[in-house]
Amino acid sequence: MAGVAAAGAETMNAICDTVGIGWRPELAAGILDHHDRIDLVEVIADDFFGEQRRLRALKTLSAQVPVVLHGVGLGLASASAVETWRIERMAHLVESISPLSWSEHLAFVRADGIEIGHLAAPPRSDATVDGAAENLLRASRIVGVKPIMENIATLIEPPGSALDEASWISKILSASDCDLLLDLHNVFANGLNHGYDPKEFLRQIPAGRIRAIHIAGGKLISAPDGTQRVLDDHLHDVPDPVFDLLEEAAALSLNPLSVILERDGSYPSMESLLAEVSQARLALARGRAREAERIEVPG
Amino acid sequence: MSAKQFEAFLARLYVDADSRARFRANPLAEAKNAGLSNAESKALENIDWVGLKMASQGFANKRELRRPRSWFSSLTDRLLRLISFLSDRVRQGRGS
């Protein structure tokens, strides 16, 4: 579907990366009006669980636009086993829609009957590596397709951690043989909040596992101790450092990458969002050009 | 103490202000009361308090956001139904 507007960047990008937008009701009309400039949409899977009428509508949508499914409620990165019925719900949706891929988060969202309400970072330990790997293998078996797993943003360094974030993610991907949905704003936010270099982080994770990418914008918030931290709220434009990280990821990875622009509110005009889509294509093209240079001139 | 119990303890800290207050007042005792080992209690004693406060607020905001989400959902419903309806009409038009 990549249209005329994207043709320049596409010709520079021989690996055939794709760029799309997260499907939100407020953006639906704009996305459908400009589907020639968007390669795919990412739909939140949890919004469609057990909703037959919605499911029929989603099938219609997926017949018109390539769709990827994105789950937020499984909590697969946990020492506890995820309930089978939750995974079966995802399996049913994947079977019904036949998306290009499905993804979830490297997070836990509940424990001992307590619903946290959002994605929380578990302790980065061998126990959660083992638990996550077990959950992922079971999810892959039940759904029939492996999920692509996303790194999360966290305002708190998870206590009880024995591993750094890059090692923890790498170990889970290796143990589960799953690929990575690399959220670059989460890398940017965690880097600033917890004092590491985001570009160094990209070099520490296995580039061969990167299959998909999220880009988004957040904001600086004041902490009670007077410092500032980045909140990944998806309510702001994608900052330049995130596009720089996208270029970096494209330079490191040889895989075709599916990039999704996430926006959850304070919606700008569709033209602004499409401009960010174009910026993403250009960042990918710059990264691919660097990669080609590196391959052609070894050393 | 298992990793599962440790996650449960963390989850309680994230969602329950009273648990957080008790823990803030006496971290080691609260952790030990929950059955955590010495090492785990120590790890929690050194918790990033600022991060804990901000993360807990963030989780609370997200839980709150879920309520008005119903009208978002109904909007999604209506939009997707409209797409479905229009698509059916187009198909019917082609078929006739």
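Everything that follows concerns the structure shown earlier in this document.
Reading guide: rules and limits
- Residues numbered from 1 in each chain as written.
- Chains lettered and ligands numbered in written order.
- Predicted model: local features only at pLDDT ≥ 70, side-chain atom pairs only at ≥ 80, totals over all residues.
- Heavy atoms only, no water.
- Helix = DSSP H or I, 4+ residues; strand = E, 2+ residues; numbered from the N terminus.
- Buried < 20%, exposed > 50% of the residue type's maximum accessible area, 1.4 Å probe, protein only.
- Contact = heavy atoms within 4.5 Å.
- Areas by Shrake-Rupley, 256 points an atom, 1.4 Å probe, with all protein chains shown as cover.
- Rg over C-alpha atoms; globule rule 2.2 N^0.38 Å.
- Phe/Tyr/Trp six-rings, centres within 6.5 Å; stacked < 30°, edge-to-face > 60°.
- Lys NZ or Arg CZ within 6 Å of the ring centre and 35° of its normal.
- Salt bridge = Lys/Arg side-chain N within 4 Å of Asp/Glu carboxyl O.
- Pairing = 2+ DSSP bridges.
- Axes fitted to C-alpha atoms, helices over the stretch in contact; angles between N-to-C directions.
- Buried area = accessible area lost by both parts, 1.4 Å probe.
- Arc of directions from axis to C-beta.
- Right-handed = clockwise from strand over helix to strand, strands pointing away.
- Core = buried A, V, L, I, M, F, W, Y, C linked by side-chain atoms within 4.5 Å.

### Digging into the overall build of chain B
A count of helices and strands for chain B gives 6 helices and 0 strands. The order of α-helices and β-strands along chain B, N terminus first, is α-α-α-α-α-α. Across the 96 residues in chain B, those meeting the buried criterion constitute 33%. Residue pairs at least 24 apart in sequence account for 54% of intrachain contacts in chain B once pairs closer than 6 positions are excluded. When the accessible surface of chain B is summed, it comes to about 5,800 Å², and 52% of that surface belongs to carbon and sulfur atoms.

### With respect to the overall build of chain A
The helix and strand tally for chain A stands at 10 helices and 12 strands. For 299 residues, the compact-globule estimate of 2.2 N^0.38 gives 19 Å, and chain A sits close to it at 19 Å. With the principal axes as the frame, chain A shows a C-alpha extent of 50 × 50 × 40 Å. Relative to its 299 residues, chain A shows a buried fraction of 58%.

### Things to note about the packing of aromatic side chains
Residues and elements named next belong to chain B. Considering all chains together, one arrives at 4 aromatic pairs over all chains under this definition. With centroids separated by 5.7 Å and ring planes inclined at 80 degrees, the aromatic side chains of Phe9 and Phe23 adopt a geometry described as edge-to-face. One end of the pair, Phe9, is in helix α1 (residues 3-15); the other, Phe23, is in helix α2 (residues 17-25), with 14 residues separating them in the sequence. Exposure class is identical for Phe9 and Phe23. Each is buried. Grouped by ring-pair contacts, the aromatic residues Phe9, Phe23 and Trp49 constitute a single cluster. Sitting above the plane of the Trp49 ring, Arg24 keeps its charged end 4.3 Å from the centroid.

### What about the pattern of salt bridges?
Residue and element names in this part refer to chain A. Taken as a whole and judged by the stated rule, the model has 24 salt bridges over all chains. Arg288 is the partner of Asp17 in a salt bridge, and the nearest nitrogen-oxygen pair spans 2.7 Å. Here the residue Asp17 occupies a position in the loop between α1 (7-12) and β1 (18-22), and Arg288 occupies one in helix α10 (residues 270-296), the gap between them amounting to 271 residues.

### Thoughts on the sheet that holds β1(A)
All names here are of chain A. Spatially, β1-β2-β3-β4-β7-β8-β9-β12 is the arrangement adopted by the 8 strands of the closed barrel, whose pairing is parallel. This sheet shows a mean twist of 30 degrees between the axes of neighbouring strands, independent of strand direction. Where strand β7 (residues 148-150) meets strand β8 (residues 179-183), 3 bridges bridge the pair, whose relative direction is parallel. Directly across from Glu150, in β8, lies its bridge partner Leu181.

### Focus: the interface of chain B and chain A
Across the contact, 36 residues belong to chain B and 42 residues belong to chain A. Taken over both partners, the interface formed by chain B and chain A buries close to 3,500 Å², and the fraction arising from carbon and sulfur atoms is 70%. The largest contributions to the chain B side of the interface with chain A come from Glu7(B), Met54(B) and Leu80(B), which together make up 20% of the buried area. In this assembly, chain B and chain A are joined by 2 salt bridges.

### Side note on the environment of Cys178(A)
Residues and elements named next belong to chain A. Within the element layout of this structure, Cys178 appears in the loop between α6 (165-176) and β8. Cys178 sits in the buried class, given a relative accessible area of 0%. Sequence separation between Cys178 and Val129 is 49 residues; the distance between their C-alpha atoms is 13 Å. Apart from residues no more than four positions distant in its own chain, Cys178 is found in contact with Leu136, Ser140, Lys146, Pro147, Met149, Leu173 and Arg209.

### A closer look at unusual backbone geometry
All names here are of chain A. You will see that Ser98, though not glycine, has its phi angle at about 45 degrees, which is positive. We note that His234 has phi near 60 degrees; this positive angle belongs to a residue other than glycine. With respect to the helices, strands and loops of the structure, His234 is situated in the loop between β11 (228-231) and α9 (240-252).

### Section: helix α4 (residues 38-45) of chain B
All names here are of chain B. Looking only at α4, the buried set comprises Glu40, Ser41 and Leu44. Projection of α4 onto a plane perpendicular to its axis shows the buried side chains occupying an angular sector of 100 degrees, all on one side. Pointing more than 90 degrees away from the buried face of α4 are the exposed residues Asn38 and Ala39. Buried residues belonging to α4 abut α1, α2 and α3 (27-33).

### Brief notes about the pairing of β1(A)
All names here are of chain A. The buried count for β1 comes to 4 of 5 residues, which makes it a mostly enclosed element. Looking at chain direction, β1 and strand β12 (residues 258-261) are connected through 4 bridges and run parallel. Note that in β12 the partner of Thr18 across the bridge is Ser258. Pairing between β1 and strand β2 (residues 41-44): 2 bridges, direction parallel. Across the sheet, residue Gly22 finds its bridge partner in β2, namely Glu42. As for the winding sense of the linkage, the β-α-β connection from β1 through helix α2 (residues 28-33) to β2 is right-handed.

### Side note on the nonpolar core
Counting 74 residues, the largest nonpolar core has Leu182(A), Ile213(A), Ile215(A) and Leu246(A) as the members making the most contacts within it. Once residues lying within four places of it in the same chain are set aside, the contact partners of Leu182(A) are Asn151(A), Val187(A), Phe201(A), Leu202(A), Ile205(A), Ile210(A), Ala212(A), Ile213(A), His214(A) and Ala249(A). The next biggest cluster of nonpolar side chains, apart from the first, holds 26 residues, and it includes Ala111(A), Leu36(B), Leu44(B) and Ile47(B).

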